[in-house]
Amino acid sequence: MSEENATWTDADIEQVKKKVLQAMETVIDPELGIDIVNLGLVYEVNVFNGGYCEIKITLTTMGCPLADVITGDIIEAVDKVDEVTETDVKLVWYPAWDTSRMTRYARIALGIR
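Residues numbered from 1 in each chain as written. Predicted model: local features only at pLDDT ≥ 70, side-chain atom pairs only at ≥ 80, totals over all residues. Heavy atoms only, no water.

S.K.: I'd like a description of the pattern of salt bridges, backed by residues and values.
M.R.: The tally for this structure, following the rule as stated, stands at four salt bridges. Across the pair glutamate 14 and lysine 17 runs a salt bridge, and its minimum N-O distance is 3.5 Å. Of this pair, glutamate 14 and lysine 17 both sit in helix α1 (residues 10-24), separated by three residues, roughly a single helical turn. Lysine 19 serves as the salt-bridge partner of glutamate 83, at 2.6 Å between the closest nitrogen and oxygen. (Salt bridge = Lys/Arg side-chain N within 4 Å of Asp/Glu carboxyl O. Helix = DSSP H or I, 4+ residues; strand = E, 2+ residues; numbered from the N terminus.)

S.K.: For a nonpolar patch on the surface, give the residues involved together with the corresponding values.
M.R.: On the surface, Leu32, Leu110 and Ile112 cluster together to form a nonpolar patch covering roughly 190 Å² of accessible area. Relative to the assigned elements, isoleucine 112 resides in the segment after α3 (104-110). Accessibility expressed as a relative area gives 31% for isoleucine 112, which makes it partly exposed. (Patch = residues over 30% accessible without salt bridge, like charges linked within 9 Å, V, L, I, M, F, W, Y side chains within 5 Å. Areas by Shrake-Rupley, 256 points an atom, 1.4 Å probe, with all protein chains shown as cover. Buried < 20%, exposed > 50% of the residue type's maximum accessible area, 1.4 Å probe, protein only.)

S.K.: Would you mind going over the nonpolar core in detail, with residue names and values included?
M.R.: Core analysis: the largest hydrophobic core is formed by 31 residues, its most contacted members being Val20, Met24, Ile36, Cys53, Ile55, Ile74 and Val78. If you list the elements that add at least two residues to this core, you get α1, β1 (42-47), β2 (52-57) and α2 (67-78). Once residues within four sequence positions are removed from consideration, cysteine 53 is found in contact with Val20, Val45, Asn46, Val47, Val78, Val84, Glu86, Thr87 and Asp88. (Core = buried A, V, L, I, M, F, W, Y, C linked by side-chain atoms within 4.5 Å. Contact = heavy atoms within 4.5 Å.)

Set out below in structure tokens:
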């Protein structure tokens, strides 16, 4: 994985995905005060040879005015992952987000059963 032109194995890609998800745990939803990973807003992370990273996220509500802020925070966080050379964040609305996507941690922090 250290060489730019090297072909990454599936294990290498999974390792980078884990690093990307860890980085995104630092991205806090400004309204709820919980990170976007535990809120279940991250739907998909794809990493490709050469370091291109595509992230599919959603928001808690369709008209969320903080979409640009959250997207910028994601790019800033993922840029700190050494293996990632480019990040593309795609906003998706299907499937619709609901509280069932939240982790136990997020549910406890927000007082949701």
